Amino acid sequence: MQMKANLKDVRVKRRGKTILGPITCDLDPAGITIVLGPNGAGKTTFLKVLHGVERLSGGDVSWNVSDEQARRAQAYVFQSPIMLRRTVRQNLAYPLQLIATPKPQIATRVASWAAKTGLTDALDVSAPRLSGGEKQKLALGRALIRDPKVVFLDEPCANLDGRSTREIEALLMKATADGTHIIMTTHNLGQAKRLADNVIFLLDGQIHDRGPAPAFFAKPRSPQAQAFLEGDIVE
Amino acid sequence: MIRLLFAALMTLATTAQAETVRLAVTTSFQNSGLSDVMLPQIKADTGLVVELLVVGTGQALRLGEAGDVDAILVHSKAAEEEFVAAGFGTHRREIMYNDFVVIGPASDPADVTNQQTAAASLKVIAATQAPFVSRGDNSGTHKKERALWQATGLLTEDLGDWYKEVGAGMGAALNTAAGLDAYILSDRASWLNFGNKRELAMLFAGDPALFNQYAFIPVNSALQPHVNAQAVATLENWLVSDAARAVIAGYTINGETLFTFGAP
Amino acid sequence: MTDIWAGLASAFWLVVSLDADLVDITLRSLQVSLTALLIASLIALPFGTWLAIRRFRFRRATIAALNALMGLPPVVVGLIVYLLLSRSGPFGVLGLLFTPTAMIIAQVIIITPLIASITHQAMRELWAEYHDLLISLNTSNWQRIRTLIFDGRRALLTASLAGFGRAIGEVGAIMIVGGNIDQATRVLTTAIALETGKGDFALALGLGFVLIALALLVNFAIHVLSRTEREGRW
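Residues numbered from 1 in each chain as written. Chains lettered and ligands numbered in written order. Predicted model: local features only at pLDDT ≥ 70, side-chain atom pairs only at ≥ 80, totals over all residues.

What is the right way to read the overall build of chain C from this model?
Scanning chain C for helices and strands turns up 10 helices and zero strands. Helices (α) and strands (β) of chain C occur, in sequence order from the N terminus, as α-α-α-α-α-α-α-α-α-α. C-alpha extents for chain C along the principal axes are approximately 65 × 50 × 30 Å. When each of the 234 residues of chain C is scored for burial, the buried share is 47%. Of all intrachain contacts in chain C linking residues separated by at least 6 positions in sequence, the fraction that spans at least 24 positions is 79%. (Helix = DSSP H or I, 4+ residues; strand = E, 2+ residues; numbered from the N terminus. Buried ≥ 20, exposed ≤ 12 C-beta atoms within 10 Å, placed from the backbone. Contact = placed C-beta atoms within 7 Å.)

How should I be thinking about the interface of chain B and chain C in this particular structure?
How large an interface is tends to be reported as the accessible area lost when its parts come together. Between chain B and chain C, the residue contacts involve 26 residues of the former and 23 residues of the latter. Elements with a minimum of two residues in the side of chain B that touches chain C: helix 1 (2-15), strand 2 (49-55) and helix 8 (170-180) of chain B. In terms of residue count, helix 1 of chain B provides more of the side of chain B that touches chain C than any other element does, six residues in total. Counted by class, the side of chain B that touches chain C contains 12 nonpolar, 11 polar and three charged residues. (Nonpolar A, V, L, I, M, F, W, Y, C, P; charged D, E, K, R; others polar.)

I'm lost on helix 11 (residues 242-250) of chain B in this one. Help?
One full turn of an α-helix is made of 3.6 residues, so residues set three or four places apart face in the same direction. All names here are of chain B. Listed in full, the buried residues belonging to helix 11 are Ala244, Val247 and Ile248. Down the axis, helix 11 shows its buried residues gathered within 95° of arc, on one side only. In this structure, helix 11 carries Asp242, Ala246 and Gly250 as exposed residues pointing more than 90 degrees from its buried face. Its buried side turned inward, helix 11 meets helix 3 (34-46), strand 4 (93-105), helix 10 (229-239) and strand 12 (260-261). (Arc of directions from axis to C-beta.)

Help me understand the interface of chain C and chain A in this model?
Contacts between chain C and chain A engage 13 residues on the former and 14 residues on the latter. Looking at the side of chain C that touches chain A, the elements with two or more residues in it are helix 5 (100-136) and helix 6 (141-151) of chain C. Within the side of chain C that touches chain A, the residues separate by chemical class into five nonpolar, four polar and four charged.

I tried to follow helix 10 of chain B on my own but got confused; where do I start?
Where helix 10 of chain B is concerned, the buried positions are B:Ala231, B:Val232, B:Leu235 and B:Leu239. Burial along helix 10 of chain B is one-sided: seen end-on, the buried residues are contained in an arc of 100°.

Which parts of the structure should I look at to understand the pairing of strand 7 (residues 181-185) of chain A?
It is a general feature of regular strands that their side chains alternate between the two faces of the sheet. All names here are of chain A. Most of strand 7 is tucked away, with five of its five residues classed as buried. What you see with strand 7 is no split at all: His181, Ile183 and Thr185 on one side and Ile182 and Met184 on the other are buried throughout. Pairing between strand 6 (residues 150-154) and strand 7: five bridges, direction parallel. Counted as the bridge partner of Asp154 is Thr185 from strand 7. (Pairing = 2+ DSSP bridges.)

Where do I start with unusual backbone geometry in this structure?
Peptide bonds are trans in most cases, and residues, glycine excluded, mostly fall at negative phi. The backbone of B:Gln129 shows a phi angle near 55°, a positive value even though the residue is not glycine. Examined against the element boundaries, B:Gln129 turns out to sit in the loop between helix 6 (118-128) and strand 5 (132-134). The class for B:Gln129 is partly exposed, based on 14 C-beta atoms found within 10 Å. Even without being glycine, C:Phe98 reaches a positive phi, approximately 65°. With respect to the helices, strands and loops of the structure, C:Phe98 is situated in the loop between helix 4 (74-85) and helix 5. For C:Phe98, a count of 26 C-beta atoms within 10 Å gives the class buried.

Explain the sheet that holds strand 8 (residues 198-203) of chain A to me, please; I cannot follow it from the model alone.
Across a sheet, strands are paired by hydrogen bonds formed along the backbone, either parallel or antiparallel in direction. Residues and elements named next belong to chain A. Read across the sheet, six strands follow the order 5-6-7-3-8-9 without closing on themselves; strand pairing throughout is mixed. The open sheet has two edge strands, strand 5 (74-77) and strand 9 (206-212), and neither has a second partner. Pairwise comparison of adjacent strand axes, ignoring direction, gives a mean angle of 15° for this sheet. Here strand 3 (residues 32-36) runs beside strand 8; their pairing, made up of four bridges, is parallel. (Axes fitted to C-alpha atoms, helices over the stretch in contact; angles between N-to-C directions.)

Could you clarify how one ought to interpret the sheet that holds strand 1 (residues 5-14) of chain A in this entry?
Residues and elements named next belong to chain A. The strand order across the open sheet formed by three strands is 2-1-4, and the pairing between neighbours is antiparallel. Each edge of the open sheet is held by one strand with a lone partner, namely strand 2 (17-27) and strand 4 (58-63). Averaged over all pairs of adjacent strands, the angle between strand axes in this sheet comes to 20°, irrespective of strand direction. Bridging between strand 1 and strand 2 involves seven bridges; their strand directions are antiparallel.

Would you explain the arrangement of the chains in this entry?
For the two pairs of chains in contact, the maximum contact count is reached by chains B and C. These two, chain A and chain B, are apart from each other, with no contact and a minimum C-alpha gap of 24 Å.

So what exactly am I meant to see when it comes to the packing of helix 2 (residues 20-53) of chain C against helix 6 of chain C here?
Relative orientation and spacing of two packed helices are given, respectively, by the angle between their axes and the distance between those axes. Residues and elements named next belong to chain C. Between helix 2 and helix 6, the shortest axis-to-axis distance is 9 Å and the interhelical angle comes to 110°. Classified by the angle between their axes, helix 2 and helix 6 sit roughly perpendicular to one another. As helix 2 runs across helix 6, the sense of the crossing is right-handed. The residues of helix 6 that touch helix 2, namely those facing Leu45, Pro46, Thr49, Trp50 and Ile53, are Arg144, Ile145, Leu148 and Ile149. Looking at side-chain class alone, the contact of helix 2 with helix 6 contains seven nonpolar, one polar and one charged residues. (Parallel < 35°, antiparallel > 145°, perpendicular 65-115°, else oblique. Left-handed = near helix turned anticlockwise from the far one by under 90°.)

Sorry if this is basic, but what is going on with the environment of B:Lys143 here?
All names here are of chain B. The topology assignment puts Lys143 in helix 7 (residues 140-152). Under the C-beta neighbour-count criterion, Lys143 is labelled partly exposed, with 19 such atoms within 10 Å. Placed 50 residues apart in sequence, Lys143 and Asn193 show a C-alpha to C-alpha distance of 22 Å. Apart from the residues lying within four places of it in its own chain, the contact partners of Lys143 are Thr57, Ser76 and Ala79.

Please clarify how the environment of C:Ala159 should be interpreted in this entry.
Residue and element names in this part refer to chain C. Among the secondary structure elements, Ala159 is positioned in helix 7 (residues 153-168). Its 26 C-beta neighbours within 10 Å are what place Ala159 among the buried residues. A C-alpha to C-alpha distance of 31 Å links Ala159 and Thr196, two positions 37 residues apart in sequence. Contact partners of Ala159, with chain neighbours within four places excluded, come to Ile115, Ile118, Thr119 and Ala122.

And the structure:
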């Protein structure tokens, strides 16, 4: 089933300062949606709000399924990947163990995802000892292993070299082809252009512009988006 | 870990098997070493396992009152009679006796050795203000010591810094006295069996006022239904039997008998 | 100094000759303290972890109380347990006073706050690291506690060892509730107190050295075990 989100007057305030909102919109994720915007625009908060792990100061986010189903059908990859202090194998198995997947099935899926992420040789290595690129791939594999409908990624390639970035992008394209929707933030305009099907442009906590990627990149509707795409500093 | 716990529980379960009597005794009974020879003999003769709780007479009486022991063996006649009169114990049976002695530094600065009575020896200690260690724990020995001070006409509260109440058992108090080169009142048996004498020596003994009678009191099973009155009676019968006489009379340290069977 | 040498010699002979009383007392010490450790750990590890992950109204007060309980004087614990278990007390009918069970109860009360407090401190750090991931994965409280305990097991081992050290070396409380009964409730520490009372310093010190050796041995064994596990896995 298609997952859709409905945001009504969503606001997030911290210490009296508005970080996000008010945002009212319908979200109908398809393919890869890239969230763009300058630092401090509220991109990470936006992802967390959609994922339901951010405390709202007002408004409401609802998916077209129950909260429980929505959470189960989603996964989130953090900017600096969080590694459980266990082996790669145990890290991959963890989300499946939480939902009481039978052991043989866990083993098959772990082997399959280790192969897809290129971590087969590292299965028995302690996850915190992996390199930055390997950690990010493991985090992505761990996010995808439950076959989520929607995956949120927060700057997945922020500190990675070219090769790791390419491998991650390939994994994302593959996941999209398999029917997973991806909503991710990035600083890298090149990456945005390579991957995006849709773009959401955030500025000062508000959705400033949004639309299909080709149109957005060819002809942004607002001067701020135009400036951002040209590499200017936008405030 | 699980197996260890299981083993632990098994041991807990088995300790309750043999018929046991829980007996609160004065520290002197244990510190004298008599219990080490007496208990195995009781086990051999009657099959009873006697579990000793070594405490001061004051606490022993409290344990009997609360019903936490089956019987008590103590040495403070007045307190014992009160205990029986209040109904906590059924009766008082005199088992054995010895005497208290005054211990002090061998140099004897207060000249205790040449006194005629126990009260006089305490008086000279007070006069020279030589350090004196008191049990201070409401035990039988402590009660005896206070009675002796009363006989001198001096109040223990007014005695000054040289009078030190340590609030401890006989052995611990003797250790303190040895460390301070102080005078102390001890029962003869504990003193003879004490291993850390250092400069201390026995300086005064023989005053009838220093007489020390040990008595056995069964806890009233009408008040404390869990008390195994039959086992306690078996123990009492053994304590007044010829077997007990042989053990008590035969227990010597360096050729000296520590206790005398029965009552004079 | 001569006393210390005599103590060492006495400890040596006690161990070499496998003195029956010594073996009995040592096993009882281990039995009481390890059982207490097991029970206390079963309570304190999940509780300390739970405190690290839950935000509730009296959390700060609870943590402050826990830290205060850590300094609980064992003698007072002993006295209270004694009064509760005495035949004239509320649990008198159970007849537990002056049994190893009473000693275990007292030790559990003494070491549970200590283990819980150390656990809480260690788990707070790990929780800060895992927080976002476990929230995102929609884990239940119990799953969070299990994950933190499993991944923080080495810190928890340290917490438990601290508890064991306190339990095996404790004398005030178990003297009161155990009564130091020969063959029934006498353990290493109470035996040391007894021998000191008799003025037999060599034997007391000998037992003391056995106690120290035992504590070191248990610590060492657990560390070796945890290290082999680490090498095998990682």
